[in-house]
Amino acid sequence: MPQQVQTGNGAQLFSNPRAASADQEYGPALREILSRHAFVSAREAITQWPGYQPTALHELNSLAQSLGVAQVYYKDESTRFGLGSFKALGGAYAVNRLLVRELRRKLGNPQLDVADLARAECQAAVRDITVTCATDGNHGRSVAWGARNAGCRCVIYIHETVSKGREDAIASYGATVVRVPGNYDDAVRRAAEDAATHGYFVVSDTSYPGYMDVPRDVMQGYSVMVQEALDQIGDKGLPTHVFIQGGVGGLAAAVCAHLWETLGARRPKIIVVEPEKADCLFQSAVAGKPVAVTGDLDTLMAGLACGEVSLLAWDILLPGAAAFMTIPDETAPDAMRRLAQGGTGDRPIVAGESAVAGVAAARIVAADNGWREALGMDEGSRLLFFASEGDTDPELYQRIVGRSAAEVLALEAV
Ligand SMILES: Cc1ncc(COP(=O)(O)O)c(C=O)c1O
């Protein structure tokens, strides 16, 4: 693969020169971050939550045809636990794990586990615990939901431009929502200050020096989704490529790690996709080390508007990702509408702004022979997408697609 940044169609592609060879094992250092061993505990806990059901994996033949590939597997996270995004798996699981750590200390019982949280003694003790985070929507919703289910208190910080719809969704789980002037980073700072003042526990989805346990649990929760996809694909033919959207990189790292450890040399190529205005993973890949991106990070793909990589995620993606891409904002609405319309035989699908980045990137690659070749994408390829959210901002969704989610779902596949 060539190693320089390639540009075209408003997008950029960087083939990762630091990617491990296909036969390189998922080694012990990586297993310290995410592992199948820890995945088993996450799956045990999450599948016990009320309402658990694997989300659907669709095969979109018409989309595959238009991309010039053999198959498209589309994992649809719009129905995850009724929260509308894959994030339901991560924040809520991290809340559980944090409460267990805290209760072990408080109650002096090192054997205590997630399953014990429902016991009366634990329920009484968690009522005094407050979890908190800053969010632009989906993560905060997951933390608030997890807190409500576990019976602890929750304060969520949102910034100026988070929509009222997203605020209401978080508040509906009983969390106190605090709107902070400024951007996401201002909300992060305020959450940290208030946590220090009031003794709240921060449940962040991004890791930094000295703060690793919680974001590791968040990512490990996501791996449940990845295994579901593998189970659903079964013997239909493993994916050859995964185009996965990146914010701080937690989702992409969870996907990469689980597929690498599980499939070894048969693992697909991971292509990490970001909006051009919030491309911290891309810039870090080019630099070969974590690089912060500044500016207003203003992108329609709100869940991907991140300026700094999560260090744990980065440690996995540096050897694990085959390539990094940036895409322009205007490709997202197009992809949302394409999925909503369905196609010959493809069902209409509700996918939010951040969910479609992978599909949008694959469409760009499909249209460029040089990029197809650079990624080894051809008529035999099988693409896997993790469509990470549905209409988590219903008003915005309707404005972009011209129909509500309910109207889209009512359309017959043509
Ligand atoms: C819908 C959606 N997709 C993808 C992401 C990216 O996840 P990460 O920040 O772990 O890279 C997010 C993050 O909030 C999101 O909300």
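Higher on the page you've got the structure.
Counting from 1, residues in each chain are numbered in the order their sequence is written. Since the coordinates come from a predicted model, pLDDT governs what is reported: local features require at least 70, and pairs of side-chain atoms require 80 or more to be given and counted, while whole-chain, interface and lining totals use all residues. Neither water nor hydrogens contribute to the side-chain values; these are computed over all heavy atoms in the structure.

Asks: Just checking my understanding: could you explain the pattern of salt bridges for this structure?
Replies: Two side chains with opposite charge may pair up if their charged atoms get near one another. We define a salt bridge as a side-chain nitrogen of Lys or Arg found within 4 Å of a carboxyl oxygen belonging to Asp or Glu. On inspection of all chains with the given rule, the structure shows 18 salt bridges. Notably, a salt bridge pairs Arg119 with Asp116, separated by 3.5 Å at the nearest N-O pair. With a 1.4 Å probe rolled over the protein chains alone, any residue whose accessible area is under 20% of its type maximum counts as buried; one over 50% counts as exposed, and the rest are partly exposed. The partly exposed category is assigned to Arg119, whose relative accessible area is 34%. Via salt bridges that share partners, Lys75, Glu77, Arg80 and Glu228 belong to a single interconnected network.

Asks: Is there a simple way to explain the packing of helix H6 (residues 138-150) against helix H7 (residues 164-171) in this structure?
Replies: Each pair of packed helices can be described by the angle between their axes along with the distance between the axes. Lines fitted to C-alpha atoms define the axes here, with helix axes fitted over just the stretch in contact, and angles between the N-to-C directions of these axes take values from 0 to 180 degrees. Secondary structure elements follow DSSP: runs of H or I of four or more residues count as helices, runs of E of two or more count as strands, with numbering from the N terminus. The contact between H6 and H7 brings their axes to 8 Å, and the two run at 15°. By the criterion of interaxial angle, the relationship of H6 to H7 is roughly parallel. The interaxial crossing formed by H6 with H7 has left-handed handedness. Taken together, the residues of H7 that come into contact with H6 (itself represented by Asn138, Gly140, Arg141 and Ala144) are Arg166, Ala169 and Ile170. Grouping the constituent residues of the contact of H6 with H7 by class yields 3 nonpolar, 2 polar and 2 charged. Small angles under 35 degrees read as roughly parallel and large ones over 145 as roughly antiparallel, with 65 to 115 read as roughly perpendicular and the rest as oblique. Crossing chirality is assigned from the near helix's rotation relative to the far helix, an anticlockwise turn below a right angle marking it left-handed and a clockwise turn marking it right-handed. Contact criterion: two residues are considered in contact whenever any of their non-hydrogen atoms come within 4.5 Å of each other. Basically, the charged four are Asp, Glu, Lys and Arg, the nonpolar ten are Ala, Val, Leu, Ile, Met, Phe, Trp, Tyr, Cys and Pro, and anything else, Gly included, counts as polar.

Asks: Even after reading the chapter, I still don't get the packing of helix H4 (residues 87-107) against H6, so can you show me in this structure?
Replies: For the pair H4 and H6, interaxial distance at closest approach is 7 Å and the crossing angle is 45°. Overall, the two elements H4 and H6 adopt an arrangement that is oblique. Considering the relative orientation of H4 and H6, their crossing is right-handed. Here Lys87, Ala88, Leu89, Gly90, Gly91, Ala92, Val95, Asn96 and Leu99 of H4 come into contact with H6, specifically with Asn138, His139, Ser142, Val143, Trp145, Gly146, Ala147 and Ala150. Class assignment of the residues belonging to the contact of H4 with H6 gives a composition of 9 nonpolar, 7 polar and 1 charged.

Asks: It is not clear to me how the site of the ligand should be interpreted in this structure. Could you clarify?
Replies: Around the ligand sit 15 residues, and of these Asn138, Gly247, Val248, Gly249 and Ser388 come closest. Residues adjacent in sequence count toward polar contacts only when both atoms are side-chain atoms; beyond that, a polar contact is any pair of N or O atoms within 3.5 Å, and within protein one must be able to donate a hydrogen and the other to accept it. For the ligand, an oxygen atom lies 2.8 Å from a polar atom in the side chain of Asn138. Here an oxygen atom of the ligand and a backbone polar atom of Gly249 are 2.8 Å apart. Per-residue and other accessible areas follow the Shrake-Rupley method at a 1.4 Å probe size, with only the shown protein chains counted as cover for residues. Protein coverage of the free-state accessible area of the ligand, which is 390 Å², stands at 97%. Nearness is defined per residue: one heavy atom within 4 Å of the molecule or strand is enough.

Asks: What is the right way to look at helix H13 (residues 331-341) in this model?
Replies: Along an α-helix, residues three or four apart share an orientation, since each turn contains 3.6 residues. For H13, the tally of buried residues reaches 8 of 11 residues, placing the bulk of the element in the interior. Those residues of H13 that sit buried are Thr331, Ala332, Pro333, Ala335, Met336, Arg338, Leu339 and Ala340. As for H13, its buried residues are in contact with helix H3 (61-67), strand E4 (71-76), strand E11 (323-327), helix H14 (357-366), helix H16 (394-401) and helix H17 (405-410). Phi turns positive one or two residues past the end of H13, at Gly342, with a value near 70°.

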